[in-house]
Amino acid sequence: MKKELKLTVNGQPYELYVKPKTLLVQVLRDHLGLTGSKRGCNDSSCGACTVVLNGMAVKSCSILALQADGAEVLTVEGLARGTELRPIQKAFLDHGAFQCGFCTSGMLMASTALLLENPKPTKEQIKEGIDGNICRCTGYNSIIRAVTAVVKGEYKEGK
Amino acid sequence: MLKDFEYFAPKTLKEALALLDKYQDECKVIGGGQSLLILMRQGLVAPQYLISIKGLSELSYIKDAKEGLKIGALTTHRAIEKSPVIQKKFSVLAEMERRLASIQTRNWGTIGGNLCHGEPAGDPAPVLMALNATLTTTSLRGERNMAVGDFSRDYFEVALEPGELLTEIQVPAAPPHTGAAYTKFNIIESDLATVGVAVSVTLGAGDGVCQDVRIALGAVAPTPIRAKKAEAVLKGKKITDNLLKEAGEVASTEAEPISDIVASEEYRRELVRVLVARVGKEAFARAKA
Amino acid sequence: MSKYSVIGTRVHRVDGPEKITGSAKYTFDLTLPNMLYGKILRSPHPHAKILKIDTSKVEKLIGVKAVVTGKDTIGKKQGIWRRFPELCDEEILCRTKVRYIGDAVAAVAAIDEDTAEEALDLIDVEYELLPAVFNPLEAITEEAPQIHEGVELNININRHIEWGDVDEAFKKCDHIREDQFVCSSQAHVCMETHCALAHFDYNNKLTVWTSTQAAYYIQALLADMLGMREGDIRVINPYTGGGFGSKFELDSAQFCAALLSQKIRRPVKIVLSREEEFTATKRRTPMYYFLKLGAKKDGTMLAKEVRVITEGGAYTAMGATALYLTGFFSSFPYKYPNYRYDGYRAYTNTAPTSAMRGFGAPQSTFVGESQIDMMAEDLGIDPIEIRRKNGMTPNYEVPGQAFIQSCGLHQCLDKIEEHIKQRGKLPPNHGIGIACYGFMSGGIFNWFDTPYAFSSAIVRINIDGKVDLFTGANEIGQGSNTTLSMICAEELGVKLDDIRIHSADTGICPPDLGAWGSRETLHNGNAVKMAAADAKRQLLEFAAAKMGGLNIVHDLDIRDCRVYLADRPERGLSYYDVVKEATRGKDGEAIIGRGHYTPHRKGMISPAYSFGVQAAEVEVDPETGRYKLVNVTTAHESGTVINPVGIEGQLEGAIMMAGGYGYCEDQPMDEGKILNPSIADYKLIRSLDMPETKILEIDTYEPEGPFGAKEAGEGLTNPTAGAIANALYKAVGVRINTLPITPEKVFRALREKEAKKKKK
């Protein structure tokens, strides 16, 4: 009953064998040990599982793994290159754009997807970009400030 | 918890239809699954066979022709939202998509999947009804066409026969001096509609008289409905604020809303009354422009 | 040179790098080899006797390794008010009776989650349904069914606070108002649901990794409930995805995982589903408020009488504290010469109500600030003026109750007045409403094990000068790890980077009561400061000997990793050199500093209080009643600001939570069943709904706090609902006295107002 699944995650190709009912988030967390993406709900509402699939933000709990066959997935673990943090991560640190941290990978990936699609979003577009993600700690505004700082070019890629 | 199922990922429409024909009631079709997967994860739907049509790129397109738009059923909400031709010619569709759920949902979920889910509070159906849209369903037996308004039968029940797939939505080219607008009322911006109102107004050349009007309401009946009596108030008349107010009042009597934890029946009717007048005014302004 | 090197600076959270790379492992992420997955079977009935539980079918299911029911427990009832046995009324895994929909009756451990879920369906429970009661006002009548044996009229607990003579004072008032309010429940909605990974090993030692605010409480309560010694239990808080008051009591995930693991001696992990999180964990206490307020015509308030009935739900939990605090904070932040509070908590057959950020104060602030605005209008006095006239000031004694040392309320009022003036003329249908608050920095009493609260800390200096800080404080996102590391670094005179904090692991950290009631900064901060000072003293003694003699030890200090003579700062030694020699020079002793703090003898309720004033601007759509939160500006004072980034985050987060309490969050029920137990249906403020926020910091100094700091985080959830209510009145002239203030309520009130106008 299991089917073959081939996908690339954070630049690494994988060949897996999964039951059809497996969700993409289960492949990431349970099969590949990438526990950065979290799960916080059972109705596709919280966004904690957000990853970037073929350049788009998606909720990995709401996609059957087999539908991601052949796809390129980027998770939070794929942002930093070793100790070299990406601008969005540096901005999050500087702006205190996280507290308990459970929604944070989802927020980082939603922001990453937003900036991939549009490197100069307006404030309203930034808010839209993370509107699918619930945060119970920060009140969102520090996250918006962090993304805004990246948009303004306050951070460079590299160390 | 998700129950086990057998999974097929047909590569062509023909293959998909053959599978549907084979498994009939025992199978479910999954496009983006943004609605279906929630039901499956909660154990409310547990098909033995699941046919994923997400890979049928032949059903994902936005074609602009003289007669109007043809939108493939597997076009994502996000593609519709971002389409330059839709933003230009049917901006109400792009505006509606912009407030639908979240960007993540719109990136993977499809317009066809949304319509087939048959959520009474869904955003696309009332807008498409206001735009006089039609749709095509396809099976091994051939194609059927119908108005979008005839597709919904009941709560979460649509007019798909066994073996059928929704394949295309057609939005006819708008006559000159047509304006359309949509809004939904909710208390959290990206929430499902408590009440949804879509209005399309077509004016006669230069005289401000309403030649044609369609008012579609969402979330106030088991299916999205047309407020035909309210339309009759406006049709053939010169549109004024008072007339729009009257149309709103009539529309509120045509709605059959329920009371639930979000809003009472009475409040929903009041919202229909207010929003039909408001959205009607907006559509009218766009028609004049 | 700024007064401080570390505190007051904008720093990266010490747990930041792990969190923003997705590396931080929460209990939700942890696995152990040979681990089993647990699931809990819960009662579908609000009130019933358990006649029989048949687990025979489950035991036959391949993949199920253990099943437990109430019969597998030692039959103890626990409660967080542990020193009062009559308030320890919760079995967690019910033995004979269930008292709310969601009460646990059995648990299974299986090789995977699906099997565990399937197994629950195979457990047959025979119930005898009992009549149930859901409303606290009905629960305290003779006709209501009794929920706990021996508790008459379902009155769980009552509380009384009084000073002066309100009855006499009312006679002297020029104007009296009587108003009623209803405060709703609220769900914490932590992003990480309750979860626990329990490992009961073959040495009869239990280790539990869990999402918690109080590792120490969990350790003690597990010991009680399993009949074990605390020392044989180790509770570890790895990273916790939010608490907000929901995670310092022993919960079903922790208890059932421990029980299952005890039975099978394999690690067992239980993660509550989001639905269980909404229905089977604790929630904010709903309250019915009856307020009577009397004033002189110049606005001086003479008397306030408060009567409250709270919906207790099925068990005591922390409801007794919420009941007390709501009465206490009903007197805040004003000077009432006469005051009387009577509060009753009624058991009901609903999910237990307990502690949630603010702990009864958001409720009391909503009602109190609404009423004072109404009083101001009656008297023709400006809402800021009336608050100025009666507001608390520094060194004020709440008669016989509490001593307020630092208090910046008046400066906050000035700032908000200025802010409102600057905003100028508002567009139509806009309104600005204000609300004041005061909140405590941790309680003095401890009804858990000792009479008074306590915190302790250990600082160990390593040979390379790096510092290990051991604290029982729990990091739950509020930033205590960072704040305490900053305090330690400042006191010791080293860099923040030099501190490595170990927190909330009962195996290695000294005890602390936990992260609730806003204790961590003041209580643990003081303990950490003392421990750091102790370690510093040991270093300085060594340095003094090197620099000329022990007589100068009191003139030495450390700052920026340099030991120096205070009045001759050019004379000094490198901190690292001193450490190296000090640790080598002794008999192999490590340099260990010990610290502790108890608020005993620091007043009656809390050693310190923080104050603030919030102004909320709303924009109303009068045709639909929908309103937008446009801007929320808060002037607040929390003593010395240790971690400014942290405080800003706490404030903005508080506005999201408290704004939600005012605007949209609710748990409607039908016969005890929560109707919206999902994130889609439970309305939460998202980024598009969040108002603009502004912080106006008032500088104050709290002598009791470490470096003058006091709480900031919980008090900030108090004012928003009241500010919203007052803003709506200013905007469109309607007053809503029940929470949440939904658009439909505003719409109906506007229509009623129109109808009344037409009649006239």
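Computed from a prediction, not measured in an experiment: that's the story for all the values here.

As a further point, take the nonpolar core. Ranked by internal contacts, the top residues of the largest apolar core, which has 239 residues, are A:Phe92, B:Leu217, C:Leu206, C:Tyr217, C:Leu222 and C:Tyr609. If we ignore the near neighbours within four places in the chain, the residues touching A:Phe92 are A:Ala97, A:Phe98, A:Thr104, A:Met107, A:Leu108, A:Ser111, A:Ile143, A:Ala146 and C:Ile20. Counting residues in each nonpolar core, the second largest holds 48 residues, with C:Met486, C:Ile487, C:Leu539 and C:Tyr597 among its members.

You'll often see interface size given as the accessible area lost when the parts meet. Contacts between the two partners involve 50 residues from chain C and, on the opposite side, 49 residues from chain A. Buried surface at the junction of chain C and chain A, both sides included, amounts to about 3,900 Å², of which 56% is carbon and sulfur. Counting across the interface, chain C meets chain A through seven salt bridges. Note that A:Lys123 is salt-bridged to C:Glu692, the shortest N-O span being 3.3 Å.

Residues and elements named next belong to chain C. With respect to topology, three strands assemble into an open sheet ordered β4-β2-β6, the strand pairing being antiparallel. The open sheet has two edge strands with one neighbour each: β4 (97-98) and β6 (124-129). Bridge analysis of strand β2 (residues 48-54) against β6 gives six bridges, and the strand direction is antiparallel. Each residue of the ladder has a partner; that of Asp54, found in β6, is Asp124.

Any empty space left between atoms is shown by rolling a water-sized probe over those atoms. Residues and elements named next belong to chain C. Per the counting criterion, the structure on display carries nine cavities of 30 Å³ or more. Lining the largest cavity are 40 residues, with Gln478, Ser518, Gln650, Ala712 and Gly713 positioned closest to its centre. Taken together, the residues that form the lining of the largest cavity break down as 15 nonpolar, 19 polar and six charged. A volume near 170 Å³ is recorded for the second largest cavity. Every residue lining the second largest cavity is counted, 16 residues in all, and those nearest its centre are Glu90, Tyr100, Ser252, Ala280 and Lys282.

The interface of chain C with chain B comprises 25 residues on the first partner and 20 residues on the second. Surface buried jointly by chain C and chain B totals about 1,900 Å² across both partners, of which 57% is contributed by carbon and sulfur atoms. Of all residues in chain C, C:Arg626, C:Lys683 and C:Glu744 bury the most surface against chain B, accounting for 26% of the area lost on that side. Between the two partners, chain C and chain B, sit seven salt bridges. Applying the counting criterion to the chain C and chain B interface returns 13 residue pairs in polar contact (both at pLDDT 80 or more). Residue assignment for the side of chain C that touches chain B shows that the elements contributing at least two residues are α3 (113-121) and α18 (743-759) of chain C. Of the residues forming the side of chain C that touches chain B, the biggest block, five residues, is contributed by α18(C).

All names here are of chain A. Partitioning chain A into domains gives domain 1 (3-78) and domain 2 (87-151). Just the C-alpha atoms count here: the centres of domain 1 and domain 2 sit 21 Å apart. Facing 18 residues of domain 1, the contacting portion of domain 2 comprises 13 residues. Contact with domain 2 buries surface across domain 1, with Lys38, Thr50 and Val76 losing the most and accounting together for 37% of the total. Our enumeration of links across domain 1 and domain 2 arrives at zero salt bridges. At the boundary of domain 1 and domain 2, one finds three residue pairs in polar contact (both at pLDDT 80 or more). Secondary structure elements with two or more residues in the side of domain 1 that touches domain 2: β3 (50-53) and β4 (56-59). Classifying every residue of the side of domain 1 that touches domain 2 by side-chain character gives eight nonpolar, seven polar and three charged.

Before going further, it helps to examine the pattern of salt bridges. What the rule picks out here adds up to 89 salt bridges over all chains. Here C:Lys49 ties to C:Glu128 by a salt bridge, and the two come within 3.7 Å at their closest N and O atoms. Here C:Lys49, found in strand β2, pairs with C:Glu128, found in strand β6; they are 79 residues apart in sequence, far enough to count as distant. On the basis of relative accessible area, C:Lys49 is assigned to the partly exposed category, the value being 37%. Across the pair C:Glu744 and C:Arg748 runs a salt bridge whose closest N-O atoms are separated by 3.0 Å. In this pair, C:Glu744 and C:Arg748 are both assigned in helix α18, four residues apart and thus about one turn of the helix distant. The exposure class of C:Glu744 is buried, given its relative accessible area of 12%. Residue classification places C:Arg748 among the partly exposed residues on the basis of a relative accessible area of 32%. The network of salt bridges with shared partners includes B:Glu266, B:Glu270, B:Arg273, C:Glu744, C:Arg748 and C:Arg751.

Attention shifts here to the side chain of B:Thr136. Residues and elements named next belong to chain B. Topologically, Thr136 is positioned in strand β6 (residues 134-139). A relative accessible area of 4% places Thr136 in the buried class. In contact with Thr136, not counting residues within four places along its chain, are Glu143, Arg144, Asn145, Leu165, Leu166, Thr167, Glu168 and Gln170.

What follows covers the domain arrangement of chain C. Residue and element names in this part refer to chain C. For chain C, the assigned domains are domain 1 (16-23 + 454-597), domain 2 (31-130 + 191-242 + 247-279) and domain 3 (355-439 + 606-759). If you average the C-alpha positions of domain 2 and of domain 3, the two centres end up 38 Å apart. Contacts between domain 2 and domain 3 engage seven residues on the former and eleven residues on the latter. Summed over both sides, the interface of domain 2 with domain 3 buries roughly 710 Å², with 76% coming from carbon and sulfur. Where domain 2 meets domain 3, there are zero salt bridges. The tally of links between domain 2 and domain 3 comes to one residue pair in polar contact (both at pLDDT 80 or more). Tallied by class, the residues present in the side of domain 2 that touches domain 3 amount to four nonpolar, one polar and two charged.

Conventions we followed
For every chain, the first residue of its written sequence is number 1, and the numbers climb from 1 along that sequence. For naming, the first written chain is A and the first written ligand is 1, with later ones following in the order written. Only residues with pLDDT of at least 70 get local features here, since the model is predicted, and only at 80 or more are side-chain atom pairs given and counted; chain-wide, interface and lining totals rely on the full set of residues. With hydrogens and water set aside, each side-chain value is computed from the structure's full complement of heavy atoms. What is meant by a nonpolar core is a set of buried Ala, Val, Leu, Ile, Met, Phe, Trp, Tyr and Cys residues, joined one to another through side-chain atoms within 4.5 Å. Any residue under 20% of the maximum accessible area for its type is buried, any over 50% is exposed, and the rest in between are partly exposed; the area is computed with a 1.4 Å probe on protein chains only. Contacts between residues were defined by any pair of non-hydrogen atoms, one from each residue, lying within 4.5 Å. Buried area is calculated as the accessible area (1.4 Å probe) missing from two parts once they are joined, with the contributions of both summed. We count a salt bridge whenever a side-chain nitrogen from Lys or Arg sits within 4 Å of a carboxyl oxygen from Asp or Glu. A pair of strands is treated as paired once DSSP finds two or more bridges between them. Counting from the N terminus, the helices are the DSSP runs of H or I reaching at least four residues and the strands are the DSSP runs of E reaching at least two. Using protein atoms alone on a 1 Å grid, points that fit a 1.4 Å probe yet trap it form a cavity, whereas open point sets bounded by protein on both sides within 12 Å along at least five of seven lines form a pocket; residues with an atom within 4 Å of a point count as lining. Grid points are joined across faces, edges and corners, and a volume is the space filled by probe spheres set on the points. Residue type decides the class: Asp, Glu, Lys and Arg count as charged, Ala, Val, Leu, Ile, Met, Phe, Trp, Tyr, Cys and Pro as nonpolar, and the leftover types, Gly among them, as polar. Two N or O atoms count as a polar contact when they lie within 3.5 Å, although within protein this holds only if one can serve as hydrogen donor and the other as acceptor, and sequence-adjacent residues are included solely when both atoms are side-chain atoms. Each domain's extent is set by a domain assignment, obtained either automatically or from a database.

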